[in-house]
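The lines below spell out each chain.
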Amino acid sequence: MGATRDKLYNISGEMYFKSVYKNYVLIGLLLILSQTGLMAQKLNIQSPNKKIKVALLKEQTGADKWFLRVYYGDTEKKEEVIPRIDLGLSRSDQDFADQLKFIKAGNPVLVTENYSAIHGKKSINTNAANEVVVSFQNPSKSKLNIIIRAYNDGVAFRYQFPESGGNFVVKDELTAYTVPPQNKRWLQKWNPANEGLYTAMEGAKNTVHQEWCYPALFNSETEKSWFLLHEAGLDETYCGTKLSDALDTTKYKLTFPNPQDGAGQGEVLPKITLPWKSPWRVIVMGSLADIVSSTLVDDVSPPSAITDTSWIKPGAVSWNYWSNNHGTKDFKVVTDFADLAARMDWPYTLLDWEWDAMGNGGNLEDAAKYILAKGVKPLLWYNSGGKHTYVPATPKDRMLTHENRVQEFTKLKKMGFVGVKIDFFESEKQDMIKYYLDILKDAADFEMMVYFHGCIVPRGWTKTYPNLMTYEAVRGAEWYNNGPELTATAPSHNATLPFTRNVVGAMDYTPVTFTNSQYPHTTSYGHELALSVLFESGLQHFADRPSGYDELPDAPKSFLKTVPVSWDDTKLLDGYPGKEVIIARRKGSAWYIGGINGESRTEKTKKISLSFLPQGTKYKLLLIADGPHDKAFFTRRLLVDSASTVDVRLLRRGGFAASLIPLEN
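Because the structure is a prediction, the values reported are computed rather than measured. (Residues numbered from 1 in each chain as written. Predicted model: local features only at pLDDT ≥ 70, side-chain atom pairs only at ≥ 80, totals over all residues. Heavy atoms only, no water.)

Caption draft 1: View of unusual backbone geometry. Note the cis peptide between L274 and P275, where omega equals -5°. Mapped onto the secondary structure, P275 falls in the loop between β23 (271-273) and β24 (276-277). Here the bond from T394 into P395 is cis, since omega is 0°, no more than 30 degrees from zero. Looking at where P395 falls in the secondary structure, it is placed in the loop between β28 (377-383) and α5 (402-415). For E426, which is not glycine, the phi dihedral falls at a positive 65°. Checked against the element boundaries, E426 lands in the loop between β29 (419-423) and α6 (430-445). For T510, which is not a glycine, the phi torsion comes out positive at approximately 60°. Residue placement: T510 occurs in the loop between α8 (485-494) and α9 (525-534). By relative accessible area, T510 is classed as buried at 2%. (Helix = DSSP H or I, 4+ residues; strand = E, 2+ residues; numbered from the N terminus. Buried < 20%, exposed > 50% of the residue type's maximum accessible area, 1.4 Å probe, protein only.)

This is the structure in structure tokens:
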């Protein structure tokens, strides 16, 4: 292990803290003190279910550098999953990394929370973590705390400057994850819109060393444990970060935004005012099923800032851009998609860019009146505006300031619009983080739903501002307009997203297209239908043209009329990134299943166990799977229960969807 070998100390005694408070049980902390009396500590924190352990260790070099190590497993002898997480910050006035003196570890507490979610993977969320606050001081005797939590499905930690007074710049964050070189990894090259493809790599020897987007997925050498790196609880006191192994190929270090992001606007280094806490550094950990079902990114984020949420309504949306990039310029096209939403019982339709140039029979006001008369509610697109984007599309700058937003939201409210899509942010600098959050706050005052495009990956904001319905930050179906690449890559890409991007929050992929846009897709009709269940988004934009849905057989058409977009529970039934995925989601007492084959050369037959169903209840199963070719369906109806299994054939690039409705007694 070389010169940086961990310093292991002889055990002179074990001190367990166990005390009961009104709301906290103090458990899980072990301090091992050396016989030298130098107070060099090794500290272990375990998750409540004892599967995850976090150790705080000091480097043997004498530099008083501290780092974390993370273990996972069911037994006492756990697998060392992340051997080292470097810690520290560099501030404009002084550093907090080398020569950090351990002061104390606070009493560990059991942190629990129960909260409800209007949309997402689960409606009722419960979490528990053992937390400890470790205090250090640097040679100038300035204080730094590290807050560490071990959850049942991962680890979260953050930095805290507890002292009051002073404004500073954070010059660098030294957090860096050492990943064993043999680990498999799924990474996306950094791009400000977060719209790249994930690359699967067998290990570090195959890795291109560069900057990477969140979230990043890894699988250990034994293939028993998986972990996903992300961040959460980001607010206007910091900037967004990303991962980089460009300077040290053995580590993924957190880095700040690039100067050129956002057309060069905004400061790269975040400015902070003491006292201050950083965003959470989040490691979702466990089996693949644990990764897919985890809500850890939301769990560590602040609670809802909106008291009355009755006006926030998830739902399906008709959308004209995919099939007609200039469709909103044409009043007739807009009304056709309003009619589609009405026929399909979808509550919303979106008017995308160029609505301010609408002609051929009506303008924006006429369109709003027509849509509302159909029993559908309109949503409206905006350019985020400002010098941070080169995109000239209008209307521009109407969301840029508080005064702009109040004026625009007032107009929209009067016309009956209930939500806005805001596009082209192109930066995660501190000023842009503030801009995002200011939009959400002002929109909430006008009971306006929001979704972001050309944007940041979710950081837990939907928990705090549940009017944030979804984000793009994904290479979605829109890319069939941009070139031929997605035609070949979509099957594997679609089978990767449920394990990566969609884990951390809603994803506006704009799925379920049966016809072709500028470039064709090779995914089967069954594959496309499955995406309505596999991809979670509080506003689910079904992107095909009206004929694509009108010409469907009765079973898939009815399925798309009723499939939910918000869920009470989520379970991974089977899958592996890029190869296949089968997910079951519950709404009320009904279950829905979506499954796809991400491979282009191999047909598959999957035996699906329905053991996740409650015992003693019979369900009517509607299975809509691949037919004899990729543009045909095979429909089957069965009576099933928790003891049943169902065989499903998936074509190459194929898929299926199913509903399970409880049988009425």
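Caption draft 2: Structural context of the packing of aromatic side chains. In this structure the tally under the stated criterion is 34 aromatic pairs. A ring pair is formed by W66 and F136, whose centres lie 5.5 Å apart and whose planes are at 50°; its orientation type is tilted. Residue W66 is found in strand β5 (residues 66-72), and its partner F136 is found in strand β11 (residues 124-137); the two are separated by 70 residues along the sequence. The class for W66 is buried, based on a relative accessible area of 5%. (Phe/Tyr/Trp six-rings, centres within 6.5 Å; stacked < 30°, edge-to-face > 60°.)

Caption draft 3: Geometry of the environment of R652. Looking at the secondary structure, you find R652 in the loop between β39 (645-650) and β40 (655-662). A relative accessible area of 42% places R652 in the partly exposed class. Put simply, R652 and H527 are 125 residues apart on the chain and 9.6 Å apart in space, counted from C-alpha to C-alpha. Those residues within four positions of R652 in sequence are excluded, and the remaining contacts are N597, E599, S600, R601, T602 and E603. (Contact = heavy atoms within 4.5 Å.)

Caption draft 4: Quick peek at the packing of α5 against α6. One way to put it is that α5 packs onto α6 with a least axis distance of 10 Å and a crossing angle of 35°. Crossing geometry of α5 relative to α6 is assigned as right-handed. Contacts from H402, R405 and F409 of α5 reach α6 at Y435, D438, I439, D442 and A443. Classifying every residue of the contact of α5 with α6 by side-chain character gives 4 nonpolar, 1 polar and 3 charged. (Axes fitted to C-alpha atoms, helices over the stretch in contact; angles between N-to-C directions. Left-handed = near helix turned anticlockwise from the far one by under 90°. Nonpolar A, V, L, I, M, F, W, Y, C, P; charged D, E, K, R; others polar.)

Caption draft 5: Region of interest: the pattern of salt bridges. This model, assessed by the stated rule, comprises 34 salt bridges. Salt bridges linked by common partners bring D574, K579, E580, E599, K604 and K606 together as one network. (Salt bridge = Lys/Arg side-chain N within 4 Å of Asp/Glu carboxyl O.)

Caption draft 6: Looking closely at the confidence of the model for the chain. For the chain, per-residue confidence averages 93 on the pLDDT scale, and 94% of positions sit at 70 or higher. Note that residues 1-41 has pLDDT below 50 and, in this model, 84 contacts with residues that lie over four places away or in other chains. (pLDDT = per-residue confidence, 0-100.)

Caption draft 7: Spatial organisation of the packing of α9 against helix α11 (residues 554-562). Here α9 crosses α11 at 20°, and the two axes come no closer than 11 Å. As summarised for this structure, α9 and α11 are arranged roughly parallel, according to the angle between their axes. Along this stretch, α9 crosses α11, giving a crossing that reads as left-handed. Here L529, S532 and V533 of α9 come into contact with α11, specifically with P556, F559 and L560. Considering only residue class, the contact of α9 with α11 consists of 5 nonpolar, 1 polar and no charged. (Parallel < 35°, antiparallel > 145°, perpendicular 65-115°, else oblique.)

Caption draft 8: Highlighting the sheet that holds strand β14 (residues 167-173). Spatially, the 4 strands line up as an open sheet ordered β8-β7-β14-β23, and their pairing is antiparallel. Unpaired on one side and paired on the other, β8 (95-96) and β23 mark the two borders of the sheet. Summarising the sheet, strand β7 (residues 89-91) and β8 pair through 2 bridges and their orientation is antiparallel. Across the sheet, S90 pairs through a bridge with D95, a residue of β8. (Pairing = 2+ DSSP bridges.)

Caption draft 9: The arrangement of the nonpolar core in detail. One finds I283, F452, W461, Y549 and L560 to be the most contacted residues of the largest nonpolar core, which totals 176 residues. Ranked by residues supplied to this core, first place goes to α6 with 9 residues. In contact with F452, not counting residues within four places along its chain, are I422, F425, Y436, I439, L440, L468, T470, Y471 and E472. Core analysis: the next-biggest nonpolar cluster, separate from the first, contains 19 residues, A584, V648, L650 and A658 among them. (Core = buried A, V, L, I, M, F, W, Y, C linked by side-chain atoms within 4.5 Å.)

Caption draft 10: Looking closely at helix α4 (residues 364-373). Residues of α4 that are buried: L364, A367, A368 and I371. Taken end-on, α4 shows its buried residues confined to a sector of 100°, consistent with a single buried face. Exposed positions of α4 whose direction lies more than 90 degrees from the buried face are K369 and A373. Close packing links the buried residues of α4 with α3 (331-343), β27 (348-351), β28 and α5. Its side-chain oxygen at 3.2 Å from the backbone nitrogen of E365, N363 defines the N-terminal cap of α4. (Arc of directions from axis to C-beta. Polar contact = N/O pair within 3.5 Å; in protein donor to acceptor, adjacent residues only side chain to side chain.)

Caption draft 11: Representation of the sheet that holds strand β33 (residues 569-576) in the model. The strand order β33-β34-β35-β40-β37-β38 describes an open sheet built from 6 strands, whose pairing is antiparallel. The open sheet is flanked by β33 and β38 (633-640), the only strands paired with a single partner. For this sheet, the mean angle separating the axes of adjacent strands, direction not counted, is 15°. Judged from the 7 bridges that link them, β33 and strand β34 (residues 580-587) form a sheet pairing that is antiparallel. From the neighbouring strand, D569 faces β34, where its bridge partner is R586.

Caption draft 12: Highlighting the side chain of N194. Counting through the fold element by element, N194 comes out in the loop between β16 (184-188) and β17 (198-201). One polar contact links the side chain of N194 to the main-chain carbonyl oxygen of C455, over a distance of 3.0 Å. Contact partners of N194, with chain neighbours within four places excluded, come to Q188, C213, Y214, E428, C455, I456, V457, A473 and V474.

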